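Spelled out, the chains give:
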Amino acid sequence: MRVLIVDDAPIVRGRMARLVGNLPGVGEVLQSEDYRNTLSLIEQERPDVVLLDLFMPGGSGLELLYRIGAVAPAPKVIVMSAWTEPGMRERCIDAGARCFFEKGTQVLETLDAVRHMAVEHADDTIPGGLMPEPAATDAPAQSFALPVTDPANAALTVLVVEEQDFSRKVLVRQLRALGAVDVLQASDGEQALELLRRPDNAVGLILCDLDMPRMDGLEFMRHLGAIRSAASLVITGAVDVALLNSVQMMCRAYGIRPLGVLEKPVNSECLRTMMARARKPMPGPALVDAAGGPEFSLDEILGGLQQEQFEPFFQPKVELAGGRIVGAEALARWRHPQHGLISPRAFIEPLERSGHIDTLTFKMLEQAAHACHRWNRSGHDLSVSVNLSLVSLADTRLATRVAAVVRAVGLAPRRLTLEVTETAAMTDVGPALENLARLRLRGFGLSIDDFGTGFASMQQIGRIAFSELKIDRGFVSAMGDTREARAIVESSIDIARRLGIPAVAEGIETQAEWDALRSAGCTQAQGFFVSRPVPETEFLSLCLQQAA
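Just so it is clear, the structure is predicted and the values come from calculations on it, not from any experiment.

Regarding the confidence of the model for the chain
Here comes step 1: Per-residue pLDDT for the chain has a mean of 82; in total, 86% of the residues score no lower than 70.
Here comes step 2: Considering each helix and strand of the chain separately, the mean pLDDT is smallest for helix α16 (residues 422-425), with a value of 51, and largest for strand β16 (residues 383-387), with 97.
Here comes step 3: Across residues 125-148, where pLDDT falls below 50, the model places 32 contacts with residues more than four positions away in sequence or in other chains.

Here it is in structure tokens:
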């Protein structure tokens, strides 16, 4: 593909020529500095793409746009100018420009546009739309070939949320080349939410940019969590990778399932990987917590508790060194007689807000203690973990009540670990610290959950005699992609080692994550790669399979 760069500033022109010339799929790069020479080059050299400034000697770029349109075949024009007065972008588009970028601040977007035009050019000129393999180079490998359609993607409905028309259309084209049939488009968060609220909405994957007008990507993600969308999210953007991953952590806090981040320009093979992740069903029975699902009143939730409709599911914890099951975390599930299995997202917040969370906590505690007692009597050397709410820690009677329940069951306190979030553990509320100290004094284990998501330090962790440190799943899933996440995971493991307690990695989903954590010295793990949360009978089956 041949590209002509038009700018009367030699420094700008030369810099863009170097950047564009390094893009795979770009062959010759021509340069021009004035109106007359530009028109002559277009007529004689027939470039495929023109990067056009609006200010130049001998005439305006806007006038040149109309003249270019008369050339056959007309090149694709990208306007790159500091002339950003209201309406100028629309005038350029009306005159035939494919897109308009602000000079100096949108270089990445400009290169993104050229990159995708190289893909279009290859698709138009090479049978099958595939470019030949590039020659060997020391530069990072990038795929500019449109990949072969994956039939499995046909059932995946995708929503692209992107302000730039050209970037949005290119993403749509990439998605369809990968097999997606139903692709929705929105230019900002408000439009995207309107699409998601439709009764027939079945969006399974959302690609969302961060910088958008009216409602930007960050606000959109907050609303996405509020409507409890079941769609997976991929964050896109031409910004720092560390910032993109920070946003990914924010998504998890809002209850969204982020699959990862894609830097612009989006690589088709990376996009294929994200689509495969989105297609992968969440293991285990379907949980009701998506947008459009039933909402439950506090009376309904309390009624379900009274009728014994709540039960713990158990997610195994295993040793990374040998894969041996050493325990399980008890996670609350509601078996609703009409709606099936209900996720905690539907009932935890109403119970905490109303002050009734202890009703659920002690039901889970008693059932989990009975289950663990049965496991140990059957010859399985196992422990169990139960989550404690910050609301519960405010009651100075908590430790005494926990001890009474476990004593009545006959379970040794060392077999039960109470998990508290880092935020709860670091609070300066006296009753919370008293409860945690009293639980350790009585022989219970204490686990600091979601470690790394708050503001803990070595000194603060030392205030409480924790027996376990759990690394947040967000850092675990991102450690293979970013050095920041890997550094946090390795530092957390080192902190646990220095304190003489096991480090437990949450949310392991792949063999690569398992291998990386094992090599980093992590002690234990849990996640879908090991097992989803399962009823007690299935958990015991896993233990028996291991013993066999």
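There is more to say, and it comes next.
Some points on helix α1 (residues 10-21)
Here comes step 1: Over its 12 residues, α1 runs 16 Å from end to end, which matches the ideal 16 Å to within 8%, given 1.5 Å per residue.
Here comes step 2: Among the residues of α1, Arg13, Gly14, Met16, Ala17 and Val20 are the ones counted as buried. Buried residues of α1, seen end-on, are gathered within an arc of 165° and therefore sit on one face of the element. Every exposed residue of α1 that faces more than 90 degrees away from the buried side is listed here: Ile11 and Arg18.

Some remarks on the environment of lysine 317
Here comes step 1: Looking at where lysine 317 falls in the secondary structure, it is placed in strand β13 (residues 310-319).
Here comes step 2: On the accessibility criterion, lysine 317 (4% relative accessible area) is buried.
Here comes step 3: The residues contacting lysine 317, other than those within four sequence positions of it, are Arg324, Ile325, Val326, Gly327, Ala328, Glu329, Ser385, Glu468, Val504, Gln524, Ala525 and Gln526.
Here comes step 4: Looking at lysine 317, its side chain comes within polar contact range of the side chain of glutamate 468, at 2.7 Å.

So, the sheet that holds strand β12 (residues 257-263)
Here comes step 1: In space, the five strands of this open sheet follow the order β9-β8-β10-β11-β12, with parallel pairing throughout. In this open sheet, the two strands that pair with only one neighbour each are β9 (183-186) and β12. This sheet shows a mean twist of 20° between the axes of neighbouring strands, independent of strand direction.
Here comes step 2: As judged from the six bridges shared by strand β11 (residues 232-237) and β12, these two strands associate in the parallel manner. Considered in β12, the bridge of glycine 237 is made with glutamate 263.
Here comes step 3: Against the sheet, helix α6 (residues 165-177) makes contact with β8 (157-161), β9 and β10 (203-209), and its axis sits at roughly 170° relative to β9, the strand it touches most.

What counts and how
- Once a new chain begins, its residue numbering starts again from 1 and follows that chain's sequence as written.
- Local features are withheld for residues below a pLDDT of 70 in this predicted model, meaning they are given only at 70 or higher, and side-chain atom pairs are given and counted only at 80 or more; totals for whole chains, interfaces and linings count all residues.
- Side-chain descriptors were evaluated using all non-hydrogen atoms of the structure, hydrogens and water having been removed beforehand.
- pLDDT is a residue-level measure of predictor confidence that goes from 0 to 100.
- A run of H or I in DSSP counts as a helix once it spans at least four residues, and a run of E counts as a strand once it spans at least two, with each numbered from the N terminus.
- Note on contacts: a residue pair is in contact if any heavy atoms of the two residues lie within 4.5 Å.
- The span you would expect from a helix comes to 1.5 Å times its residue count less one.
- We call a residue buried when its accessible area falls under 20% of the maximum for its residue type, exposed when it is over 50%, and partly exposed in between, using a 1.4 Å probe and counting protein chains only.
- Working definition: the arc comes from the directions between the helix axis and the C-beta atoms, pointing outward to the latter.
- Counting of polar contacts relies on pairs of N or O atoms within 3.5 Å, with two restrictions inside protein: one atom must be capable of donating a hydrogen and the other of accepting it, and residues adjacent in sequence are counted only when both atoms are side-chain atoms.
- Should DSSP find at least two bridges between two strands, the strands are regarded as paired.
- Structural elements are reduced to axes, namely lines fitted to C-alpha atoms, with helices fitted over the stretch in contact, and the angle between N-to-C directions of any two is expressed from 0 to 180 degrees.

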